[in-house]
Amino acid sequence: MSGWQGRREGGGWFALWLIRFIGLRLGRTPARWLLVPITLYFFLRRGSERRASRDYLTRVLCRPARTREVLRHFHAFAATTLDRVFFLARGVQGFDVEISGLDALEQAMAGGRGALLVGAHVGSFEALRALAARRPDLDLRLVLDRQQTPALNMLLEALAPALRAQVIDAAQGGVTVMLALSEAAQHGALLALLGDRARHGEAICRVPMLGASAALPAAPWRVAAALQIPVLLGFGLYAGRSRYHLRFEAFATRIDLPRTVDARTAVLQACSARYAARIEAQLREFPYNWFNFYDFWQTPESGLVPSAGHAAGAGS
C-alpha cells in the first residue's frame, strides 16, 4: 500500500514505553534529553522520511533545505510525540499553552447540536487537552485510525483509560463511523478529526498547496454536510520547549452540497482549497510543525484515490 497507510510505526512498543517510564518517573526535562539520540537514529535509519522532510522543507522555506533543518524537523516531531504522554498524564501542567479563537468555538457549540473540528498532522492535536481547563463540560470525540499506530495508541490509552471511550475508530468503515458521529453530534459533542490524509480508495479533491497539487480527502466536508453542523479548524502548534499555540478558526456555519455532481464537486473543491490555504498559513509561521513524513504531493498517476465525485468514508 502506498502513501501514509504503508508507513511502519516508528519506535515500536518497547521504545515508546521506555520513554513513558523515563518521562513520568524522572520528568519531562530528562526525557527530552533522549530526543537527541532518537532524532539522530531516525534521521540515519529512515531514508524515505528523511527525503520527505527535505522535500517539504524546501517547499515551505522556498529554498533547498539544509541537513540541520531536517534534523530540527525530526526533533520537533519527537518532542510533540513525547509531549502527548504528558498532556494525557498531567494535562497542561508544565506547559505554556496560548489559546486563541475560543469565541469561535463557543459560538459553534452554542446551538447544542455539536460541531466538527478539522485539524491536520500539523503540530499536536493532543494540545486540545488544554481545553479541559477552560471547558470541562466539553464532550470531545476523536476520529482516529487505531490500527495505524497500535503501540502508541496502547501507551496513550494506558495513560488515560477514558481516551478509548472518546475515540471513534476510522478503521471501522464509513457507515459505522457516520452512525457514531451522528449519535455524538446529537448529544452536542465536538467531533475532531484530521483532514489532510486520504485513506486508500477515498474520494479526494486536488488543490494547490505549497506550490504543488495536494490530494486532500473530501470526507470532512461530506460529514459536515450530512450532519448539518458548524465547522471549525483547529491547530495545536509547537513553538519549542514547553510552548504551544492552540488556535481555533470558524470555517463554516454549515455546508450544503448541491444535488448535481459538478456543483457538488465545486463546493468540495472550494472547501478543500480554503482548508489547504489555512494549513499553509500555519506552516509559513511554524515550518517545523508538518508531520506528514511521506510523499505527500503524489502524482495523479499514483492511483491513490478516485475523484471527488465518488463516495467518501468518514475520515482519516
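Residues numbered from 1 in each chain as written. Predicted model: local features only at pLDDT ≥ 70, side-chain atom pairs only at ≥ 80, totals over all residues. Heavy atoms only, no water.

A. Spatial organisation of unusual backbone geometry. A positive phi is found at Cys62, a non-glycine position, where the angle reads about 60 degrees. For Cys62, the location among the structural elements is in the loop between α4 (47-61) and α5 (67-90). Taking the relative accessible area as the measure of exposure, Cys62 reaches 61% and is therefore exposed. (Helix = DSSP H or I, 4+ residues; strand = E, 2+ residues; numbered from the N terminus. Buried < 20%, exposed > 50% of the residue type's maximum accessible area, 1.4 Å probe, protein only.)

B. A look at the packing of α4 against α5. Contact geometry of α4 with α5 gives a least axis separation of 9 Å together with a crossing angle of 105 degrees. When the axes of α4 and α5 are compared, the pair comes out roughly perpendicular. Seen from α4, the contacting residues are Glu49, Arg50, Ser53, Arg54, Tyr56, Leu57 and Leu61; seen from α5, they are Thr67, Glu69, Val70, His73 and Phe74. Of the residues in the contact of α4 with α5, the class split is five nonpolar, three polar and four charged. (Axes fitted to C-alpha atoms, helices over the stretch in contact; angles between N-to-C directions. Parallel < 35°, antiparallel > 145°, perpendicular 65-115°, else oblique. Contact = heavy atoms within 4.5 Å. Nonpolar A, V, L, I, M, F, W, Y, C, P; charged D, E, K, R; others polar.)

C. The packing of helix α10 (residues 174-186) against helix α11 (residues 219-227), seen in detail. Running from amino to carboxyl end, α10 crosses α11 at an angle of 50 degrees, the nearest separation of the two axes being 11 Å. As summarised for this structure, α10 and α11 are arranged oblique, according to the angle between their axes. In terms of crossing hand, the pair formed by α10 and α11 is right-handed. Residues Met178, Leu181, Ser182 and Ala185 of α10 form the contact with α11, whose own contacting residues are Val223, Ala226 and Leu227. Split by residue class, the contact of α10 with α11 holds six nonpolar, one polar and no charged. (Left-handed = near helix turned anticlockwise from the far one by under 90°.)

D. Highlighting the sheet that holds strand β4 (residues 167-169). One open sheet holds the seven strands; their spatial order is β1-β9-β8-β2-β5-β3-β4, and the pairing between them is mixed. In the strand order of this sheet, the two ends are held by β1 (96-100) and β4, each with one partner. Strand-to-strand twist across the sheet, computed as the mean angle between neighbouring axes with direction ignored, equals 25 degrees. In this structure, strand β3 (residues 140-144) lies alongside strand β5 (residues 190-194), joined through four bridges in parallel fashion. Looking across to β5, one finds that Leu142 is bridged to Ala192. Contacts from helix α6 (residues 102-109) reach β1, β2 (115-119), β5, β8 (231-238) and β9 (243-252), with the element oriented near 45 degrees to β9. (Pairing = 2+ DSSP bridges.)

E. Structural view of α10. Look at α10: 18 Å from first C-alpha to last across 13 residues, which is about the 18 Å you get at 1.5 Å a residue. Within α10 the residues assigned to the buried category are Val177, Leu181, Ala184 and Ala185. Down the axis, α10 shows its buried residues gathered within 100 degrees of arc, on one side only. Set apart from the buried face of α10 by more than 90 degrees, the exposed residues are Val175, Leu179, Glu183 and Gln186. In this structure, the buried residues of α10 make contact with β3, β4, β5 and α11. (Expected span 1.5 Å × (residues − 1). Arc of directions from axis to C-beta.)

F. Seen up close, the packing of aromatic side chains. A complete count under the given rule lists 17 aromatic pairs for this structure. Summarising the aromatic geometry, the rings of Phe43 and Phe74 are spaced 6.2 Å apart at their centres and angled 75 degrees between planes, so their arrangement reads as edge-to-face. A residue pair is termed long-range when its members are at least 10 positions apart, and Phe43 in helix α3 (residues 35-45) and Phe74 in helix α5 qualify at 31 residues. Overall, Phe43 belongs to the buried group, its relative accessible area being 12%. The side chain of Arg50 reaches across the aromatic face of Phe43, ending 5.4 Å from its centre. A cation sits over an aromatic face here: Arg59 above Trp297, 4.5 Å from the ring centre. (Phe/Tyr/Trp six-rings, centres within 6.5 Å; stacked < 30°, edge-to-face > 60°. Lys NZ or Arg CZ within 6 Å of the ring centre and 35° of its normal.)

G. Quick look at the pattern of salt bridges. Evaluated as defined, the whole model comprises 13 salt bridges. The residue Glu249 makes a salt bridge to Arg278 at a minimum N-O spacing of 2.8 Å. Of the two residues, Glu249 sits in strand β9 while Arg278 sits in helix α12 (residues 261-285), which places them 29 residues apart along the sequence. You can call Glu249 buried: its relative accessible area is 18%. Its relative accessible area of 31% is what places Arg278 among the partly exposed residues. Ionic contacts of the salt-bridge type, sharing partners, join the residues Arg63, Arg66 and Glu69 into one network. (Salt bridge = Lys/Arg side-chain N within 4 Å of Asp/Glu carboxyl O.)

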